[in-house]
Amino acid sequence: MKRLIAAALIVAAFPADARDLWTKPQAAKWYAAQPWLVGSNYTPATAINQLEMWQAPTFDPATIDGEFAAAQGLGMTTMRVFLHNLLWENDAAGLKARMNIFLDIAAKHHIKPVFVLFDSCWDPNPVAGPQRPPIPGVHNSGWVQAPGAARLADATQYPKLEAYVRDIVSTFAHDRRVLAWDVWNEPNNGGGGNYGPTPDKTKLVAGLLGQVFDWAEAADPDQPLTSGVWIGDHWDRIETLDAVEKIQIARSDVLSFHDYNWPEKFAERARQMLSYERPVLCTEYMARGAGSTFDGSLPIGKKLNIGMINWGFVDGRTQTRLPWDSWKKPYTYAEPQVWFHEVLRADLTPYRMAETDLIRRLAAAPKSVVPVR
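Anyway, here's the lowdown on the structure attached to this text.

Procedures and definitions
- All residue numbers here refer to positions counted from 1 along the written sequence of the relevant chain.
- For a predicted model such as this one, the threshold for reporting local features is a pLDDT of at least 70, and the threshold for listing and counting side-chain atom pairs is 80 or more; totals across whole chains, interfaces and linings nevertheless cover every residue.
- As a rule here, side-chain values come from all non-hydrogen atoms in the structure, and water together with hydrogens is ignored.
- In the sections that follow, a salt bridge refers to a side-chain nitrogen of Lys or Arg positioned within 4 Å of a carboxyl oxygen of Asp or Glu.
- The numbering of helices and of strands both runs from the N terminus, where a helix is a DSSP run of H or I of at least 4 residues and a strand a run of E of at least 2.
- Buried, partly exposed and exposed residues are distinguished by accessible area as a fraction of the type maximum, computed with a 1.4 Å probe on protein chains only: under 20%, between the cut-offs, and over 50%, respectively.
- All axes here are fitted lines through C-alpha atoms, helices being fitted over the stretch that makes contact, and every angle between N-to-C directions spans 0 to 180 degrees.
- Oblique is the label for any angle not under 35 degrees, not over 145, and not in the 65 to 115 range, which are roughly parallel, roughly antiparallel and roughly perpendicular in turn.
- Contacts between residues were defined by any pair of non-hydrogen atoms, one from each residue, lying within 4.5 Å.
- When residue character is reported, Ala, Val, Leu, Ile, Met, Phe, Trp, Tyr, Cys and Pro are called nonpolar, Asp, Glu, Lys and Arg charged, and the others, Gly included, polar.
- By definition, disulfides here are pairs of cysteine sulfur atoms that lie within 2.5 Å.
- Here a polar contact is recorded for every N or O atom pair within 3.5 Å, except that within protein the pair must consist of a potential hydrogen donor and a potential acceptor, and residues adjacent in sequence are included only if both atoms are side-chain atoms.

## Overview of the pattern of salt bridges
Then, in step 1: Inspection of the entire model under this criterion finds 26 salt bridges.
Then, in step 2: Measuring nitrogen to oxygen at the nearest pair gives 2.9 Å for the salt bridge that ties lysine 108 to aspartate 65. Taken as a pair, lysine 108 in helix H5 (residues 85-108) and aspartate 65 in helix H4 (residues 61-73) lie far apart in primary sequence, 43 residues in all.
Then, in step 3: Residue aspartate 65 is classed as partly exposed on the basis of its relative accessible area, which comes to 24%.
Then, in step 4: For the salt bridge of aspartate 167 with lysine 96, the shortest nitrogen-to-oxygen distance reads 2.9 Å. One end of the pair, aspartate 167, is in helix H7 (residues 158-171); the other, lysine 96, is in helix H5, and 71 residues separate them in sequence. Each member of the pair, aspartate 167 as well as lysine 96, carries the same accessibility label: buried.
Then, in step 5: Among the ionic contacts, a cluster of salt bridges with common partners joins Arg288, Asp295, Arg352 and Glu355.

So, in structure tokens, the structure goes:
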């Protein structure tokens, strides 16, 4: 009860009127002021999930600094980084202090992060505190949803979620170290892994997602808001979109999408997103075993001036070098022949030198220019 009252007081402290969706010229002006955006979805190698990354006992600035130095060396300009509502509920002041430390490290290496507020993927029952160890041979075995299934189903708890969004976004709303806010990762994802389904999840998310955009807009951030579509074949046709996707497209200042397919499908989806005449970020791609590679997708994104953020940077406790099918057949006897995600090995050397050479070469070229070798 005390936490609900505190959340209500925080909400009351903010203005009720949200800022408007950016116009297309506003979005274009913001995007023109950015370098070509290239980077990774980032969790330090020492963390199994977003809770372990940010909680005080396991927050690891030294590792982050070393890994961001490596990213800077590749010419990366952004990282996509996940937060969690439980982090704020248990230690709001500490979370914001650690975010400031993180942002100082990122700025030192000329990297502007995209912060993700909520996430519908993997374990639906998050618990703060010490996290379980990785399951041997299994991809992303400790990642947790935000909010969890119980919280999502209980509308009486939504004031806590509102207070979290408003406080975090308002704290950093005018911070030039922050690139953008991804309000909800794959909101209509069923979850994945071997976890049980969340009843009525898409309906519940559809009822909440618009509110999350409202809460973030109420902070009047200088940075754009987005939420990326990830399934379906006709993102340029509104009539084919579900209730969640319609909100994502209608409410995003800049558009974003995920694609883990062959390059021809990536190009098709990219052009569908560009048809809305807003800047576009690809906030997840690169799953080698599924056909999505740096070689195939990154030059297309560069030519189309789409920001490109692959999944995974350094091999570590998330174990996302292992493929999705490891949930059905764990890789405990032998490693996969080809790594699924990740750019660098644990010692910060490239998994494949040709990939890091490509990233560096494209990052150094002017926008929309794919240099010939």
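Let's pick the thread back up.
## Notes on the packing of H5 against H7
Angle between the axes and distance between the axes: these two values describe a pair of packed helices.
Then, in step 1: Direction vectors running N to C along H5 and H7 enclose 10 degrees, while the axes themselves pass 10 Å from each other. Judged by the angle between their axes, H5 and H7 are roughly parallel. Facing Asn85, Trp88, Glu89, Ala92, Leu95, Lys96 and Met99 of H5, the residues of H7 in contact are Lys160, Leu161, Ala163, Tyr164, Asp167, Ile168 and Thr171.
Then, in step 2: Classifying every residue of the contact of H5 with H7 gives 8 nonpolar, 2 polar and 4 charged.

## A short note on the state of the cysteines
Then, in step 1: In the structure shown here, the tally under the stated rule is 0 disulfides.
Then, in step 2: No disulfide involves cysteine 121; its nearest neighbouring cysteine sulfur is the one of cysteine 282, lying 15 Å away.

## Concerning the side chain of aspartate 182
Then, in step 1: Looking at the secondary structure, you find aspartate 182 in strand E4 (residues 180-185).
Then, in step 2: Classification of aspartate 182 by relative accessible area gives buried; the value is 0%.
Then, in step 3: Polar side-chain contacts of aspartate 182 include one of 2.9 Å to the side chain of arginine 80.
Then, in step 4: Every residue in contact with aspartate 182, bar those within four places of it in the chain, is listed here: Arg80, Val114, Phe115, Val116, Leu117, Thr226, Ser227, Gly228 and Thr283.

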